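Single-letter residue listing:
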Amino acid sequence: MWDRPDLLNSAARALYGLAALLALVAAIAFTLSLPVFPLREIRLESAPAHVTRDEIERRMRGALKGNFFTLDLEAVRASFMGMPWVRNVELRRHWPDRLEVTLEEHVPLARWATVALVNTHGEIFKAPYAGALPVFVGPEGAAKEMAIQYEFFRRGLSSIGQRPAELLVSPRRAWRLKLASGITLELGREHIEARFTRFVAAYERTLATLDQEIEYVDLRYANGFAVRVPPARPREPARGDGRKTG
């Protein structure tokens, strides 16, 4: 090789080119790190319902490090995702100095027993919430299916002036629905929607006409259902005024 000037010249040119490229990359990196490209505007695309402005500002102060080019978007996103009500975050840079933030919040659908909340996607999350919500009680991994069935039950019950208050699924996948009126529907493990639809169709001409409270409806029958009413309270004897006569 040393007696081949053409090869030596080619190798030298390649080394000079590589050195020039590395110098250019270093110069660009140095330029981008200078404080001449600061972020001047943070724009929140929609007003959140549960996340406060103070919380957002605290997160931004802790995560905004660098300029327009060097800002670590993944670090900013991770900071927002640590907020209880945040389900997803989208971040976009807009030249020359703006960061656009889009927050997707959880929409609460139900309470998961007494320990957490369930959103409209059937995902369990933990966040403080004082509003009234139905209650889901079920085995691990059942929340998404319960959210789907809950919406089916809610629509059907609204047509007869009822609404769900508690949905329970046993470890053996038996379904039970408690209504806000106090009625409990036993739906069993099979044909859940068909049994529920039969109850809704028959309610107005049967149960709604009863002049007494209904406690329990067992829908696990092929062609009908059984109804249980609370036991009648014994009548107390009439009391006098306590005076003796005679």
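Figured I'd write up the structure that's included with this text. (Residues numbered from 1 in each chain as written. Predicted model: local features only at pLDDT ≥ 70, side-chain atom pairs only at ≥ 80, totals over all residues. Heavy atoms only, no water.)

Pairing between the strands of a sheet comes from backbone hydrogen bonds, and it takes one of two forms, parallel or antiparallel. Read from one edge to the other, the open sheet built from 3 strands follows the order β1-β3-β2, with strand pairing classed as mixed. Of all strands in the sheet, those with a lone pairing partner are β1 (41-44) and β2 (86-94), marking the two edges. Here the strands of the sheet are splayed against their neighbours by 20° on average, with no regard to which way each runs. Here β2 pairs with strand β3 (residues 98-105) via 8 bridges, running antiparallel. Across the sheet, His94 pairs through a bridge with Arg98, a residue of β3. Of the strands in this sheet, β2 and β3 are in contact with helix α3 (residues 73-81), which crosses β2 at around 150°. (Pairing = 2+ DSSP bridges. Helix = DSSP H or I, 4+ residues; strand = E, 2+ residues; numbered from the N terminus. Axes fitted to C-alpha atoms, helices over the stretch in contact; angles between N-to-C directions. Contact = heavy atoms within 4.5 Å.)

With that settled, consider the layout of surface pockets. As a volume, the largest pocket reaches approximately 240 Å³. Forming the boundary of the largest pocket are 13 residues, of which Ile42, Leu44, Arg53, Ile56 and Glu57 lie nearest the centre. Mapped by element, the contributors of at least two residues to the lining of the largest pocket are β1 and α2 (53-63). With 5 residues, α2 is the single largest residue contributor to the lining of the largest pocket. Looking at the lining of the largest pocket, its residues break down into 9 nonpolar, 1 polar and 3 charged. (1 Å grid on protein atoms, 1.4 Å probe; cavity = no way out; pocket = protein on both sides within 12 Å on 5 of 7 lines; lining within 4 Å. Points joined across faces, edges and corners; volume = space filled by probe spheres on them. Nonpolar A, V, L, I, M, F, W, Y, C, P; charged D, E, K, R; others polar.)

Across the sheet, which stays open at both edges, the 9 strands sit in the order β6-β5-β4-β7-β8-β9-β10-β11-β12 with mixed pairing between neighbours. Both edges of this open sheet fall to β6 (124-125) and β12 (226-228), since each of them pairs with a single strand only. Bridging between strand β5 (residues 116-119) and β6 involves 2 bridges; their strand directions are antiparallel. In the sheet register, Val118 faces β6, and the bridge partner there is Ile124. Running over the sheet, helix α5 (residues 192-203) touches β9 (175-179), β10 (184-188) and β11 (216-218) and is turned about 145° from β10.

Residue position: Glu186 is located in strand β10. Polar side-chain contacts of Glu186 include one of 2.9 Å to the side chain of Arg176. Non-local contacts of Glu186, meaning those with residues more than four positions away in its chain, are made with Trp175, Arg176, Tyr216, Val217, Asp218, Leu219 and Arg220. (Polar contact = N/O pair within 3.5 Å; in protein donor to acceptor, adjacent residues only side chain to side chain.)

Below, the discussion takes up α5. End to end, α5 covers 17 Å across 12 residues, agreeing with the expected 16 Å (1.5 Å per residue, within 8%). Three or more residues of α5 are buried, namely Ile192, Arg195, Phe196, Phe199, Val200, Ala202 and Tyr203. Those residues of α5 hidden inside the fold are in contact with α4 (143-158), β9, β10 and β11. (Expected span 1.5 Å × (residues − 1). Buried < 20%, exposed > 50% of the residue type's maximum accessible area, 1.4 Å probe, protein only.)

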